[in-house]
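An overview of the molecular structure
For reference, the chains in residue letters:
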Amino acid sequence: MDDVRARLRNLPFFAGLSAATINDIAEASQWLSLAGGWELYAQGSASDALHINLTGRLIVVRENHEGVDEVVGYVRGGEPVGEMSLLSGEPHSASVFALRDTELLSITREEVDRLIEAHGDFAAALARVVLARSRHPQASFQQSAPRIFALIATSPSIDVDARVRELAKRIAKYKVNVTHFPCTDEPPETNAFDLVENAHDVVLLAARVDHSPWYRFVLRHADRFLVLARRDSRPSKPFPLTAEDGARARKFRLVDLVMLHEGTHSGKTAEWMEAIGASRVINIHNDACIDRLARIISGKSIGLVLSGGGARAYAHIGAVKAMREAGVPIDFLCGASMGAVVAACVAMGWSQEETDSRIREAFVASNPLGDHVLPVVALTRGGRVETRLEKHFADALIENLQTPFLCVSSDIINGAARIHNQGLVRNALRASIALPGILPPVIDDHALLVDGAVVNNFPTDIMTTTHRGLTIGVDVAREGMIDIEAFRDPPGFFSWVANNGFGAAPPIISLLMRSATARREHTETPRPADIMVTPAVPGVELRDWKKYDVAVANGYREMKDALEKHWSDLAPIISAANQ
């Protein structure tokens, strides 16, 4: 019992409690061990106890009305779970699983009631937790940073110990307290390992796929798995990435594929992603990619989100130029509509000059939406856009891009955003820019995909759940996107053609584009960018494809100003990246 009291005193929840209260809690509780993947309680079950996580990590999962599991949040060491259902007397609104081996204290309903009545400090601490979680329901996503990372070698030719040592050195540059364990025969004692974990920000575990006690220990204790694979290999199926095959919690394990670009390219990245259930792919081509991985593990990565906005999205090119000149690394990219096109250019690894040249050729030299037809499903055939996307992105796959990249389209069958994280880049971009009424929609199995702007034109929420570092957002889809005078006493069709020709885009194009991108511009987003840039792009409308230089220059100036304003946040990352 003395051990329980000592553990409790070091946990945040108990920091303000008196010795008498802690003693009473220790006497009233039971110590439980929950193996990774096991369920603590199920959604809909009766609430009969309060649980306090001592060590380990829990995940809270709710099944929605469509039978789909959604992650509600995480419970770190030192935090209670189940308190809301217990206090309200209602069944559990979600299921809770152990993501890795977890130790808990369990206090029955009767004992909780007694403790609340007997100890005001305990009642106050419990009330603070309930209030904080009700006010900030998304906070657990941001606060539950993984601490233990397993790097798993899938081939004997991968020297995982050497790679872990090198990675630890690079992580330390970012002022992160890191340590590492090499591959070994026998795992450490649990208490000794807990002491190491508590003394460090990041713990790296090197492992090889085998049947050793060490590998089983790694599977049970890691928060996040980084599976190292060579591009000339293929995965075993099923891939042994959990100690409890078939456990429901397995699909919520945080898994990254680290693809080593060594040897001939015979394996398929998508095949690896499916085999291990990877949520992200980090391609390792050179030292810069290893630095990116170090930032990702350290929570120091930088994600860039680019909104849609037609020709106004040229401003994104200027914004990227300002970031590159300042030495700001870009570790993740996400975009919608034309923002997705610019983001893809960066993810391809193109220089500023090459991006400039390709965008000018594809969009500035001639109107990409100039192949007008009498509308049946759209005002244009879409042939010009498809030809240009194929020319510039060819057969590039999202999962093989130099920088991790996502883009969004909108499934108008169910009104949900579609996140594109693998497959042909050009196909994903074609869906993301399919403005309703202007470009024909994209049919994907039973989905009808249109422009990402319809559902989520500025996907900062997707980016902030993709990584734990800083998110920079550039949104050009605010005011000034459309000229109201074009709709005052508009001419008839034949008068418009006589004055402007068949090649010019009529005002209906702007109207449809703005209708697709219009949303509640000034409401607070649930997960906003840390650094927000909103280029005004004066004088540039959605269809002003020729006004490239004006938009680029404006985006460049606005990003330079934003970087200067937030330099104190960026400087440590930039400095470490350049060491």
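The protein is annotated in an unreviewed UniProt entry as Patatin-like phospholipase family protein of Hyphococcus aureus. For the protein, the Sequence similarities (unreviewed entry) comment in UniProt is given as "Belongs to the NTE family."

**Side note on the overall build of the protein**
Counting its regular elements, the protein contains 22 helices and 22 strands. Sorting the 579 residues of the protein into buried and exposed places 54% on the buried side. By element, 52% of the accessible surface of the protein is carried by carbon and sulfur atoms, the whole surface being about 25300 Å².

**Quick notes on the packing of aromatic side chains**
Applying the stated criterion across every chain, the model contains nine aromatic pairs. Here Phe-181 and Phe-193 contribute two aromatic rings whose centre-to-centre distance is 5.6 Å and whose plane-to-plane angle is 50°, an arrangement assigned as tilted. Of this pair, Phe-181 sits in strand S10 (residues 178–181) while Phe-193 sits in helix H8 (residues 190–198), and the two are 12 residues apart along the sequence. Owing to a relative accessible area of 2%, Phe-193 belongs among the buried residues under this scheme. Taken together, the ring pairs connect Phe-181, Phe-193, Trp-214 and Phe-217 into an aromatic cluster. Seen from the ring of Tyr-556, Lys-321 lies directly overhead, with NZ or CZ sitting 5.3 Å from the centre. It is Arg-358 that lies over the ring of Trp-350; its NZ or CZ is 4.2 Å from the centre.

**Quick notes on the packing of helix H7 (residues 160–172) against helix H11 (residues 287–298)**
Where H7 contacts H11, the axes come no closer than 9 Å and their chain directions differ by 65°. Viewed along their axes, H7 and H11 adopt a mutual orientation that is roughly perpendicular. As H7 packs across H11, the resulting crossing turns out to be right-handed. Judged by residue contacts, Leu-167, Arg-170 and Ile-171 of H7 engage Asp-287, Ile-290, Asp-291, Leu-293, Ala-294, Ile-297 and Ser-298 from H11.

**Focus on the sheet that holds strand S6 (residues 80–81)**
Spatial strand order, S1-S8-S3-S6: four strands in an open sheet with antiparallel pairing. Looking at the sheet topology across the chains shown, the edges are occupied by strand S1 (30–34) and S6. When strand S3 (residues 49–55) meets S6, the two strands line up antiparallel, connected through two bridges. For Ile-52, the partnering residue across the bridge sits in S6 and is Pro-80.

**Re the sheet that holds strand S9 (residues 148–153)**
The six strands lie next to each other as S10-S11-S9-S12-S13-S14, forming an open sheet whose pairing is parallel. Strand pairing shows two members of the sheet lacking a second neighbour, S10 and strand S14 (280–284), which therefore form its edges. Across the sheet, the axes of successive neighbouring strands diverge by a mean angle of 20°, strand direction being ignored. Bridging between strand S12 (residues 224–230) and strand S13 (residues 254–260) involves seven bridges; their strand directions are parallel. Considered in S13, the bridge of Phe-225 is made with Val-255. With respect to the sheet, H7 is in contact with S9, S10, strand S11 (202–208), S12 and S13, its orientation differing from that of S11 by roughly 165°. The sheet strands contacting H11 are S9, S11, S12, S13 and S14, and the helix crosses S14 at an angle near 145°.

**Considering the pairing of strand S20 (residues 447–451)**
Most of S20 sits out of view: four of its five residues are buried. Summarising the sheet, strand S17 (residues 405–411) and S20 pair through three bridges and their orientation is antiparallel. Each residue of the ladder has a partner; that of Asp-411, found in S20, is Leu-449. Here strand S19 (residues 442–444) pairs with S20 via three bridges, running antiparallel. Looking at S20, one finds that Asp-444 is bridged to Ala-447. Counting the residues between successive antiparallel strands, the hairpin from S19 to S20 contains two residues, one of them, Asp-445, with a positive phi of roughly 60°.

**Describing the nonpolar core**
The biggest cluster of nonpolar side chains holds 100 residues, and the ones touching the most others in it are Leu-204, Tyr-314 and Phe-405. Ranked by the residues each element gives to this core, the list is headed by helix H13 (residues 338–347), at nine residues. Among the nonpolar cores identified, the runner-up in size contains 27 residues, and Trp-214, Val-218, Met-259 and Trp-272 belong to it.

**Section: helix H12 (residues 315–326)**
Helix length check: H12, at 12 residues, gives a terminal C-alpha distance of 17 Å against a target of 16 Å (1.5 Å per residue), a fit within 8%. Turning to H12, its buried residues are Ala-315, His-316, Ile-317, Gly-318, Ala-319, Val-320, Ala-322 and Met-323. Buried residues belonging to H12 abut strand S15 (302–306), H13, helix H14 (352–364), strand S21 (470–474) and helix H21 (548–565). Of the residues flanking the end of H12, it is Gly-327, one or two places downstream, whose phi is positive at about 80°.

**A few points about unusual backbone geometry**
Look at the link from Lys-237 to Pro-238: it is a cis peptide, with omega at -5°. Position of Pro-238 relative to the elements: it lies in the loop between S12 and S13. Positive phi values are uncommon outside glycine, yet Lys-175 reaches one of about 60°. Position of Lys-175 relative to the elements: it lies in the loop between H7 and S10. Among the residues examined, Lys-175 registers a relative accessible area of 75% and is labelled exposed.

**Quick look at a negative patch on the surface**
A grouping of Asp-48, Glu-110, Asp-113 and Glu-117 is seen on the molecular surface, where their side chains present a negatively charged patch. Tracing the backbone through its elements, the reader meets Asp-48 in the loop between strand S2 (39–41) and S3. The class for Asp-48 is exposed, based on a relative accessible area of 53%.

Thresholds, definitions, all that
Residues numbered from 1 in each chain as written. Predicted model: local features only at pLDDT ≥ 70, side-chain atom pairs only at ≥ 80, totals over all residues. Heavy atoms only, no water. UniProt positions renumbered as here; feature names shortened; annotations may be inferred. Helix = DSSP H or I, 4+ residues; strand = E, 2+ residues; numbered from the N terminus. Buried < 20%, exposed > 50% of the residue type's maximum accessible area, 1.4 Å probe, protein only. Areas by Shrake-Rupley, 256 points an atom, 1.4 Å probe, with all protein chains shown as cover. Phe/Tyr/Trp six-rings, centres within 6.5 Å; stacked < 30°, edge-to-face > 60°. Lys NZ or Arg CZ within 6 Å of the ring centre and 35° of its normal. Axes fitted to C-alpha atoms, helices over the stretch in contact; angles between N-to-C directions. Parallel < 35°, antiparallel > 145°, perpendicular 65-115°, else oblique. Left-handed = near helix turned anticlockwise from the far one by under 90°. Contact = heavy atoms within 4.5 Å. Pairing = 2+ DSSP bridges. Core = buried A, V, L, I, M, F, W, Y, C linked by side-chain atoms within 4.5 Å. Expected span 1.5 Å × (residues − 1). Patch = residues over 30% accessible without salt bridge, like charges linked within 9 Å, V, L, I, M, F, W, Y side chains within 5 Å. Salt bridge = Lys/Arg side-chain N within 4 Å of Asp/Glu carboxyl O. Lys, Arg positive; Asp, Glu negative; His and termini not counted. Charge placed at Lys NZ, Arg CZ, Asp CG, Glu CD.

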